[in-house]
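Structure assessment
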Amino acid sequence: MLHGGWPELVARATPAKMAAASPLDFDSGKAESNEASSKWLDAHYDPLANIHTFSACLALADLHGDGEYKLVVGDLGPGGQQPRLKVLKGPRVLTESPLPELPAAAATFLKDQHEPRTPALALASGPCVYVYKNLRPYFKFSLPQLPANPLEEDLWNQAKEDRIDPVTLKEMLEDIREKAEVPLSVQSLRFLQLELSEMEAFVNQHKSKAIKRQTVITTMTTLKKNLADEDAVSCLVLGTENKELLVLDPEAFTTLATMSLPSVPVFLEVSGQFDVEFRLAAACRNGNIYILRRDSKCPKYCIELSAQPVGLVRVHKVLVVGSNQDSLHGFTHKGKRLWTVQMPAAILTMNLLEQHSRGLQAVMAGLANGEVRIYHDKTLLNVIRTPDAVTSLCFGRFGREDNTLIMTTRGGGLIIKILKRTAVFVEGGGELGPPPAQATKLSVPRKTRLYVDQTLREREAGTAMHRTFQTDLYLLRLRAARAYVQALESSLSPVSATAREPLKLHAVVSTQVSGEVSSLRAREAEIGVQGLGPTFKLTLHLQNTSTARPILGLLICFLYNEALYALPRAFFKVPLLVPGLSYPLETFVESVSDKGISDIIKVLVLREGQSAPLLSAHINMPVSEGLAAA
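Scoring rules and cut-offs
Residues numbered from 1 in each chain as written. Predicted model: local features only at pLDDT ≥ 70, side-chain atom pairs only at ≥ 80, totals over all residues. Heavy atoms only, no water. Axes fitted to C-alpha atoms, helices over the stretch in contact; angles between N-to-C directions. Helix = DSSP H or I, 4+ residues; strand = E, 2+ residues; numbered from the N terminus. Parallel < 35°, antiparallel > 145°, perpendicular 65-115°, else oblique. Contact = heavy atoms within 4.5 Å. Nonpolar A, V, L, I, M, F, W, Y, C, P; charged D, E, K, R; others polar. Buried < 20%, exposed > 50% of the residue type's maximum accessible area, 1.4 Å probe, protein only. Arc of directions from axis to C-beta. Core = buried A, V, L, I, M, F, W, Y, C linked by side-chain atoms within 4.5 Å. Disulfide = S-S within 2.5 Å. pLDDT = per-residue confidence, 0-100. Patch = residues over 30% accessible without salt bridge, like charges linked within 9 Å, V, L, I, M, F, W, Y side chains within 5 Å. Areas by Shrake-Rupley, 256 points an atom, 1.4 Å probe, with all protein chains shown as cover. Salt bridge = Lys/Arg side-chain N within 4 Å of Asp/Glu carboxyl O. Pairing = 2+ DSSP bridges.

Per an unreviewed UniProt entry, the chain is named Bardet-Biedl syndrome 1 protein, and its organism is Myotis brandtii.

So this is what it looks like as structure tokens:
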């Protein structure tokens with residue numbers, strides 16, 4: 001573990017100053033013993049950083065426009081502590097300010113085109129979005145109030161006039177909470193949680209106050225306004241407890257669009273531009289993911305999950321969803337499932353890893369067993385082991401390093417790793433698995449009436465069809481075996497089938513006209529003719545394929561139609577064949593027919609004293625174009 005000042009740690013991240021790495025980093029599922037074999041540099045680890053948050057409350061941005069990217073943390077403040085907004089410069093806390101309620105999400109965005117182009121910081125907490133510029137409060141946006149339940153208002157008016165006692169008020173409010181469609185206000189919910197001795201004081205304190213029902217923000221993200229550039233103006237997209245999505249204007253912070261959902265959104269992913277076309281995916285508490293598009297007040301598509309979602313990340317055009325069944329799922333925006341990967345432990349947090357220099361986008365998943373797994377689609381790219389379970393992840397530019405991974409642990413620790421500039425994530429390098437072709441979906445045509453009829457026929461006559469198929473298959477094997485035996489007995493193959501005579505034969509046919517010779521190779525039944533004829537030069541290449549034993553006592557014999565061709569040497573002896581060498585044996589063939597036709601010349605390789613040939617070859621002679629022209 002390395003400790004110390006951030007500038008010195010960043011200097012160690014260069015390839016020339018690599019130090020020994022922590023044994024906690026694992027690459028390709030195997031323990032790495034030193035930093036030379038790891039893709040990450042251990043920049044900082046502080047188990048007592050006292051940072052308790054989740055991935056949605058982490059953001060990296062150049063808040064002062066000085067090129068120094070800082071980490072924004074919405075700290076939950078566990079153990080009865082007050083939630084706080086922390087800004088870290090390197091491993092040190094630069095500023096810290098209290099928050100009135102628990103943070104729900106943090107995001108940085110450009111709200112206008114004015115210079116200098118410093119991003120604003122938006123922090124969602126309770127019913128409000130707090131916007132900071134240069135780490136100073138700039139604007140506070142509050143969600144509009146919702147109409148209260150009229151029955152609830154009537155009960156509190158009766159309590160104000162002392163017409164009902166606190167016990168009756170509690171009973172009637174509990175009945176409204178169970179049956180009414182409109183939820184109770186925060187004031188009534190707090191009253192229902194009190195003990196009997198505390199109710200009267202609470203009623204006397206709050207009975208004169210008007211009933212207000214205020215929703216809260218559950219999730220937040222950003223959406224480009226009209227350009228897709230990295231430094232383009234962005235809108236804030238809010239998900240609320242009353243099952244709505246709000247798109248805010250980046251300058252006036254007014255509501256540009258409102259969309260309704262069947263359930264409360266907990267994760268958001270957006271793509272596109274608000275003024276052009278955008279697509280929004282919202283994972284909700286009912287276990288479904290809803291897809292909305294521009295000018296749609298209600299969801300266009302719905303992805304039904306078999307378990308509750310614990311994370312949602314968009315990788316290019318694929319929605320990667322983590323479920324509480326310890327699995328990752330890939331979906332298209334139309335709800336088609338592409339793949340599923342089972343995790344070795346429960347998924348605690350997810351986020352996007354985007355390496356701009358190499359154009360890589362991958363999903364990071366922090367697991368309960370202390371692993372951080374990086375996947376590109378269903379392929380495992382890298383595994384990082386940490387001393388404690390990771391509860392939040394953030395990847396991006398931190399300080400002046402482009403590829404920095406920031407992790408916070410369950411115990412409040414802070415881990416900072418820097419990706420080596422020479423590191424390359426290789427698909428399939430994480431662990432062994434099925435080949436990528438196995439996940440390719442087949443283009444299955446639609447079921448036609450003919451298909452249905454054939455299916456019914458196969459069900460009814462399945463046994464008879466199988467017997468017929470087996471009979472035909474056995475006959476095919478028998479015919480193939482007979483043809484193979486016949487070829488071996490008649491030596492119709494250009495390669496010897498016996499180990500005693502390891503030979504190989506092929507032929508070359510050349511045409512000779514006016515002293516000019518052009519060659520034609522006849523191999524694998526492919527012949528190309530150059531020239532006119534009528535005299536052909538036939539070259540046989542005979543090779544001893546044995547490794548150590550020479551062959552002696554072979555003969556060459558030509559069988560041909562004497563009405564078409566004449567050979568001065570139709571039968572001759574073959575010299576000693578040394579292993580591994582190819583021997584050219586030449587003879588001339590003259591076409592004696594003037595009909596312009598051709599025939600096959602058979603070449604036989606014989607052994608002295610044996611009638612059956614060792615090898616044979618059929619040469620398709622070309623037409624003698626010289627005679628045909630004459």
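1. A closer look at the packing of helix α2 (residues 150–160) against helix α3 (residues 166–179)
In the contact formed by α2 and α3, the axes pass within 10 Å of each other and the chain directions differ by 175°. It follows that α2 is roughly antiparallel to α3 by the angle criterion. Of the residues in α3, those in contact with Leu151, Glu152, Leu155, Trp156 and Ala159 of α2 are Leu169, Met172, Leu173 and Ile176. Looking at the contact of α2 with α3, its residues break down into 8 nonpolar, no polar and 1 charged.

2. Focus on helix α5 (residues 196–206)
Among the residues of α5, Met199, Phe202, Val203 and His206 are the ones counted as buried. Mapping the buried residues of α5 onto a view down its axis gives an arc of 100°, with all of them on the same face. Facing away from the buried side of α5 by over 90 degrees, the exposed positions are Ser197, Glu200, Ala201 and Gln205. Looking at the packing, one finds that the buried side of α5 touches α2, α3 and α4 (186–192).

3. Examining the nonpolar core
Among the nonpolar cores identified, the biggest contains 24 residues, and Leu540, Leu542, Leu554, Ile556, Phe558 and Val589 are the most heavily contacted of them. Those elements that place two or more of their residues in this core are β33 (535–544), β34 (554–559), β36 (571–574), β37 (582–591), β38 (600–607) and β39 (615–620). Among the elements that make up this core, the one with the highest residue count is β33 (4 residues). Not counting residues within four places of it along the chain, the set of residues in contact with valine 589 comprises Pro534, Thr535, Phe536, Leu538, Tyr565, Ala566, Leu567, Ile601 and Met621. The next biggest cluster of nonpolar side chains, apart from the first, holds 19 residues, and it includes Tyr45, Ile374, Val390 and Phe395.

4. Here's the deal with unusual backbone geometry
Keep in mind that most residues, glycine aside, have a negative phi and that most peptide bonds are trans. A positive phi is found at asparagine 134, a non-glycine position, where the angle reads about 55°. Tracing the backbone shows asparagine 134 in the loop between β10 (128–133) and β11 (136–142).

5. A word on the state of the cysteines
By the definition in use, this model includes 0 disulfides. Just so you know, cysteine 284 is unpaired, no disulfide at all, and the nearest cysteine sulfur is the one on cysteine 302, 8.6 Å from it.

6. Thoughts on the confidence of the model for the chain
Looking at the chain, pLDDT values average 81 and 84% of them are 70 or higher. Scored below 50 in pLDDT, residues 7–34 makes 58 contacts in the model with residues more than four places away or belonging to other chains. Every residue in residues 511–531 is under pLDDT 50, and counting partners more than four places away or in other chains gives 47 contacts.

7. Let's talk about a nonpolar patch on the surface
On the surface, Leu552, Leu576, Val578 and Leu581 cluster together into a nonpolar patch covering about 350 Å² of accessible area. By secondary structure assignment, the location of valine 578 is in the loop between β36 and β37. Since its relative accessible area comes to 36%, valine 578 is described here as partly exposed.

8. Quick word on the sheet that holds β36
Pairing is antiparallel in the open sheet, where 4 strands are placed in the order β36-β34-β38-β39. Of all strands in the sheet, those with a lone pairing partner are β36 and β39, marking the two edges. Averaged over neighbouring strand pairs, the angle between their axes works out to 20° when direction is ignored. Judged from the 6 bridges that link them, β34 and β38 form a sheet pairing that is antiparallel. Note on β38: the bridge partner recorded for leucine 554 is arginine 607.

9. Topic: the sheet that holds strand β28 (residues 390–398)
Strand order in the open sheet formed by 4 strands is β3-β30-β29-β28, and the pairing between neighbours is antiparallel. The open sheet is flanked by β3 (40–46) and β28, the only strands paired with a single partner. Sheet twist, expressed as the mean angle between neighbouring strand axes with direction ignored, is 20°. As paired elements, β28 and strand β29 (residues 401–409) share 7 bridges and run antiparallel to each other. Residue pairing across strands places phenylalanine 398 opposite glutamate 401, the latter belonging to β29.

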